[in-house]
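Each chain, letter by letter, is given below.
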Amino acid sequence: MGINFKESQNSLEQAGKIAQDLERLLKQQEGLISGTKAAASHAKESQVLLELAKLPVDRLKDATEETVRIETLRKYGFQNVASIYNSSAIQLERIPGITLSAAQSLKALADQMYQAVAQSITYGIDIDDLTKADNELIANLQGLDHLRAATKNSTSKMKPIAQSIRNSLTYTQPLNSRFKWFFTGSEKKERALSALQEISYLVGEPTTIALVEAARYGLDALEKRSGQPVEEFKKRSSDYYAILEEVTNVRPNTAANRHFNQELLDKIQAQELDTSTIKATLRQYQSFGGKFALTQGRVIIGDEMGLGKTLQAISAIAHRNIAGAT
């Protein structure tokens, strides 16, 4: 069986480099996403605590039928709900007249009020009063914005290709040297050659070539991004908020959604929307509109002025165009 080992090894080395570039890009994206989630969670927590600090401790009585010793709590410095939330049940039990059971109830009430406030407020960045968490959030959003622009939103297609190359590479070890090949059984030789063929096809595929180029553009864009993310945020805050909504999985509680049954909602959510040819970041409701159009085939998009009906229509057209439709 004649094999050009040098040519095979060059192909495998090239494939390994391609997988490595795709994985590096995906790892960078993963880090930016997790950083965004952590910073957004921390920043929102600060806002929720500020709201709880505005609620007098008396409000605890409104949330339960149990007796709450308000005057005792006030006497020992607990003036608002935030002070209860920030304390443990053990700390509350140390207050004279507060039993462990009462302390646990107080803590549970404060926790419930925290969750209620968290669900009722939408996180927003006060550009004139940025916290450390705000700055971290903006920096991560800037990274994601640059990465997505450079890769044209194609990162979701990179992972399966990188995985396919890695999986095939595990079977090509016998091709690393003539010596290994000589002592390899016929079944493993056949599997190695089959894996080499799969890798050669993947590496030469136009889609792979385009994705590798996009990944390298993305890595380069992250290295060269400006050191002034706040200034970029000021100019393009709507795009940054769109990324934030998507990354943190914020689902707006829109009145429109109540007109859809769950089966249709699931169908819309499952619909893919390829926006790689669009130079804009869709808000979550805009993405929903594009998917809705694709799911239904015939629709009327009736959002108010300025909410991006044109972009929703373009997103559906772009998705169909990528698929070969006219």
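As a starting point, this report considers the structure included with it.

The rules we used
- Residues numbered from 1 in each chain as written.
- Predicted model: local features only at pLDDT ≥ 70, side-chain atom pairs only at ≥ 80, totals over all residues.
- Heavy atoms only, no water.
- Helix = DSSP H or I, 4+ residues; strand = E, 2+ residues; numbered from the N terminus.
- Rg over C-alpha atoms; globule rule 2.2 N^0.38 Å.
- Areas by Shrake-Rupley, 256 points an atom, 1.4 Å probe, with all protein chains shown as cover.
- Lys, Arg positive; Asp, Glu negative; His and termini not counted.
- Charge placed at Lys NZ, Arg CZ, Asp CG, Glu CD.
- Salt bridge = Lys/Arg side-chain N within 4 Å of Asp/Glu carboxyl O.
- Buried < 20%, exposed > 50% of the residue type's maximum accessible area, 1.4 Å probe, protein only.
- Patch = residues over 30% accessible without salt bridge, like charges linked within 9 Å, V, L, I, M, F, W, Y side chains within 5 Å.
- Core = buried A, V, L, I, M, F, W, Y, C linked by side-chain atoms within 4.5 Å.
- Polar contact = N/O pair within 3.5 Å; in protein donor to acceptor, adjacent residues only side chain to side chain.
- Contact = heavy atoms within 4.5 Å.
- Expected span 1.5 Å × (residues − 1).

Moving on, we come to the overall build of the protein. Helix and strand counts for the protein come out as 16 helices and zero strands. Whereas a compact globule of 326 residues would reach a radius of gyration of roughly 20 Å, the protein reaches 28 Å, over 25% beyond that. The dimensions of the protein, computed from C-alpha atoms along their principal axes, are 90 × 55 × 45 Å. A total of about 19700 Å² of accessible surface is found on the protein, and carbon and sulfur atoms cover 50% of it. A gap of 4 Å separates the mean positions of the 40 positive and 38 negative side-chain charges of the protein.

Moving on to the pattern of salt bridges. Counting across every chain of the model gives 14 salt bridges. In this structure, Glu71 engages Arg74 in a salt bridge whose closest nitrogen and oxygen atoms are separated by 2.7 Å. Highlighted residues: Glu71 and Arg74, both in helix 3 (residues 70–75), separated by three residues, approximately one helical turn. One salt bridge connects Arg148 with Glu246, and the closest N-O pair in it is separated by 2.9 Å. Taken together, the residues span a long stretch of sequence, with Arg148 in helix 7 (residues 132–151) and Glu246 in helix 13 (residues 237–247) at a distance of 98 residues. The class for Arg148 is buried, based on a relative accessible area of 12%. Through salt bridges with shared partners, one network takes in Lys17, Asp21, Arg24 and Arg216.

On to a nonpolar patch on the surface. Taken together, Phe179, Phe182 and Phe183 make up a surface patch of nonpolar side chains, about 450 Å² in accessible area. Turning to its location among the elements, Phe179 is positioned in helix 9 (residues 178–182).

Quick look at unusual backbone geometry now. Phi at Lys152 is positive, roughly 55°, even though this residue is not glycine. A relative accessible area of 55% places Lys152 in the exposed class. Unusually for a residue other than glycine, Asn153 sits at a positive phi of about 55°. Tracing the backbone shows Asn153 in the loop between helix 7 and helix 8 (158–169). When its relative accessible area of 27% is taken as the criterion, Asn153 is described as partly exposed.

Structurally, the position occupied by Leu265 is in helix 14 (residues 262–270). Under the relative-accessibility criterion, Leu265 is labelled buried at 14%. For the pair Leu265 and Ala316, spaced 51 residues apart in sequence, the C-alpha separation works out to 17 Å.

Of all hydrophobic cores here, the largest spans 45 residues; its most connected members are Leu22, Leu137, Met158, Ile165 and Leu175. Within the residue set of this core, elements represented by two or more residues are helix 1 (5–53), helix 7, helix 8, helix 10 (186–204), helix 11 (206–224), helix 12 (229–235) and helix 13. With twelve residues, the top contributor of residues to this core is helix 1. By size, the runner-up hydrophobic cluster in this structure holds 26 residues, among which are Leu55, Leu60, Ile70 and Leu106.

Mapped onto the elements, Thr295 comes out in helix 15 (residues 284–296). Polar side-chain contacts of Thr295 include one of 2.7 Å to the backbone oxygen of Lys291. Not counting residues up to four positions away in its chain, the partners in contact with Thr295 are Leu264, Lys267, Ile268 and Gln271.

The terminal C-alpha atoms of helix 15, which comprises 13 residues, lie 18 Å apart, in line with the 18 Å expected from a rise of 1.5 Å per residue. The element helix 15 is extensively covered by neighbouring structure, given that ten of its 13 residues are classed as buried. Of all the positions in helix 15, only Gln286, Ser287, Phe288, Gly289, Gly290, Lys291, Phe292, Ala293, Leu294 and Thr295 are classed as buried. Looking at the packing, one finds that the buried side of helix 15 touches helix 14 and helix 16 (309–322). Once helix 15 ends, the next one or two residues include Gly297, with phi positive near 85°.

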